[in-house]
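Understanding the architecture of this molecule
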Amino acid sequence: MKSGMSSQYSHAVARHCEHTQNKIHTVAELLLLSGQFRPIKTENISSVEVSIASAREQINSSLNIILEIVNDLTKIMHDIKTRWKVICDYLYRMSDAVTVLVELSYFAVYQYLGLNKPESLEAPLIDKYATSYAGLEIKLSCIQLKRARMEELSSSFIMDICSNISKYISVLTDNCRGASENGPDTATKDQFKLGIKSVTCAAGSLIASIKCYKSERSPRYHTRVVTFCEPVLAASNALVSLATEDEFIDHGRELSPEEAEIQMAIFGPCMNIVSGCVQICKSLRDYTYDPGNSHYVHKTRSCQACIVKSTKHLKHELQKHLHMDFQMRGASPSKGDNYFRDVDSSDENQHDLSPLGGSLSLQYASENHGMEGNYGKDLSPRSTVTDVSLATSISR
């Protein structure tokens with residue numbers, strides 16, 4: 001490793017960069033680059049009644065959050081040795097904000113084009129995006145457990161990871177249960193039932209190993225945690241692969257040339273924002289290992305400028321094609337305020353980082369500009385765990 005910050009700092013920042021990069025890149029591939037236009041069900045869409053108007057407000061808020069985070073990351077890059085925990089938290093919040101932006105932009109286009117009206121009464125067995133996204137969250141959570149060092153595996157870190165794994169295993173199995181009951185043939189039904197059982201059993205084994213580690217923080221039990229991540233990864237990947245086979249999913253429909261033009265006009269700048277954030281993650285990761293290299297600082301600033309330009313472009317296209325008026329006065333979490341107020345970077349004031357870093361609650365952000373006393377906690381209503389059976393089992 002090149003000379004620079006200590007291995008602890010560089011390892012943590014690099015891990016967070018890779019997590020954010022993988023998440024937003026995969027979400028963009030699933031929604032913006034798939035070439036298939038189908039209905040999706042997500043927490044951001046199905047948890048509340050979403051209309052074009054409410055989507056506009058949330059898109060605007062997400063864009064403002066992304067701009068604030070990118071601006072702050074650029075400013076504190078030089079202080080990466082002392083502000084590394086703040087940077088890690090920003091990266092997680094960026095991944096959530098970009099995910100919300102992509103999902104809602106996709107939803108807004110789908111709604112505006114009237115594609116929410118089903119052409120047939122026969123619903124697909126599997127929601128491809130919800131299933132794929134659940135598999136992604138499980139994968140990223142297991143990677144966090146595998147790559148985190150022993151000193152990083154605090155109780156809050158472990159609980160957050162287990163809660164996320166539990167939550168998305170529930171989402172994955174719920175999405176596949178329909179196919180296990182209504183599959184085209186007996187063999188397929190049995191395959192889904194066995195796949196669901198395999199995932200839940202593998203997760204139970206992982207939780208058991210984590211309980212052992214909580215009772216005795218030793219390399220022996222840490223090795224067990226890392227080892228039993230593999231069966232969860234393998235079982236969930238296999239179930240996602242099975243569930244997203246062509247015969248089980250909705251293939252959407254072909255767009256007319258006019259509809260395709262609208263789609264490209266909006267997805268283009270949205271993808272540019274994703275690409276800019278991915279490049280910032282790469283630059284930050286490289287900068288941790290070579291902090292004296294100004295190339296990465298200049299690259300990050302260039303990415304910031306591209307994101308600002310693409311944000312304006314996206315708003316223009318949304319207003320032009322979907323008639324979203326971004327000039328309206330709304331409750332933006334970052335209009336006129338930087339809710340990421342500089343916090344004390346001393347070790348005494350650094351709380352445990354949440355390994356999942358759910359997106360910042362918009363109401364909280366607009367009312368509480370500082371992060372003291374809440375740093376590292378999951379403040380997002382959309383990130384609230386609805387099924388914590390696996391997580392609660394390790395606290396007994």
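Residues numbered from 1 in each chain as written. Predicted model: local features only at pLDDT ≥ 70, side-chain atom pairs only at ≥ 80, totals over all residues. Heavy atoms only, no water.

1. Observations regarding the overall build of the protein
- Helix and strand counts for the protein come out as 12 helices and zero strands.
- A sequence separation of at least 24 residues applies to 84% of the contacts in the protein between residues at least 6 apart.
- About 17700 Å² of surface is accessible on the protein, with carbon and sulfur atoms providing 49% of the total. (Helix = DSSP H or I, 4+ residues; strand = E, 2+ residues; numbered from the N terminus. Contact = heavy atoms within 4.5 Å. Areas by Shrake-Rupley, 256 points an atom, 1.4 Å probe, with all protein chains shown as cover.)

2. Considering the pattern of salt bridges
- In total, this model carries nine salt bridges according to the counting rule given.
- The salt bridge involving Glu 57 is made with Arg 56; its shortest N-O contact spans 3.7 Å.
- Classification of Glu 57 as partly exposed rests on a relative accessible area of 48%.
- A salt bridge links Arg 285 to Asp 286, with the nearest nitrogen and oxygen atoms 3.5 Å apart. (Salt bridge = Lys/Arg side-chain N within 4 Å of Asp/Glu carboxyl O. Buried < 20%, exposed > 50% of the residue type's maximum accessible area, 1.4 Å probe, protein only.)

3. Some words on empty space enclosed by the protein
- Evaluation of the coordinates by the stated rule reveals one cavity of 30 Å³ or more.
- Computed from the structure, the largest cavity encloses a volume of approximately 50 Å³.
- Of all elements in the fold, only helix H1 (7-31) and helix H5 (128-147) reach the threshold of two or more residues within the lining of the largest cavity.
- For the lining of the largest cavity, the residue count by class is two nonpolar, three polar and three charged. (1 Å grid on protein atoms, 1.4 Å probe; cavity = no way out; pocket = protein on both sides within 12 Å on 5 of 7 lines; lining within 4 Å. Points joined across faces, edges and corners; volume = space filled by probe spheres on them. Nonpolar A, V, L, I, M, F, W, Y, C, P; charged D, E, K, R; others polar.)

4. Observations concerning H5
- With 20 residues, H5 should reach 28 Å at 1.5 Å per residue; the first-to-last C-alpha distance of 28 Å fits that figure.
- With 16 of 20 residues buried, H5 is to be regarded as a mostly interior element.
- The N-capping residue of H5, defined by a side-chain oxygen 3.1 Å from the backbone nitrogen of Tyr 129, is Asp 127. (Expected span 1.5 Å × (residues − 1). Polar contact = N/O pair within 3.5 Å; in protein donor to acceptor, adjacent residues only side chain to side chain.)

5. Details of the confidence of the model for the protein
- Looking at the protein as a whole, the pLDDT averages 80, with 78% of positions reaching at least 70.
- Under a pLDDT of 50 for its full length, residues 1-5 has, in the predicted model, 14 contacts with residues more than four places off or in other chains.
- In the model, residues 329-396 has pLDDT below 50 throughout and makes 148 contacts with residues more than four positions away in sequence or in other chains. (pLDDT = per-residue confidence, 0-100.)

6. What to know about the nonpolar core
- With 106 residues, the main nonpolar core has Ile 66, Leu 73, Met 94, Leu 145, Phe 192 and Leu 284 as its most contacted residues.
- The biggest single contributor to this core is helix H4 (residues 84-112), with 18 residues.
- Excluding residues within four positions of it along the chain, Leu 284 makes contact with Cys 17, Leu 73, Met 77, Ile 80, Ile 87 and Leu 91. (Core = buried A, V, L, I, M, F, W, Y, C linked by side-chain atoms within 4.5 Å.)

7. Looking at unusual backbone geometry
- A positive phi is found at His 323, a non-glycine position, where the angle reads about 60 degrees.
- Residue classification places His 323 among the exposed residues on the basis of a relative accessible area of 57%.

8. Brief notes about the packing of aromatic side chains
- Taken as a whole and assessed by the stated rule, the structure comprises seven aromatic pairs.
- A network of ring pairs unites the aromatic residues Phe 37, Tyr 106, Tyr 110 and Phe 267 as a single cluster. (Phe/Tyr/Trp six-rings, centres within 6.5 Å; stacked < 30°, edge-to-face > 60°.)

9. Quick notes on a negative patch on the surface
- Taken together, Asp 185, Asp 190, Glu 245, Asp 246 and Glu 247 make up a surface patch of like negative charges.
- Relative to the elements of secondary structure, Asp 185 occurs in the loop between helix H6 (155-182) and helix H7 (186-215). (Patch = residues over 30% accessible without salt bridge, like charges linked within 9 Å, V, L, I, M, F, W, Y side chains within 5 Å. Lys, Arg positive; Asp, Glu negative; His and termini not counted. Charge placed at Lys NZ, Arg CZ, Asp CG, Glu CD.)

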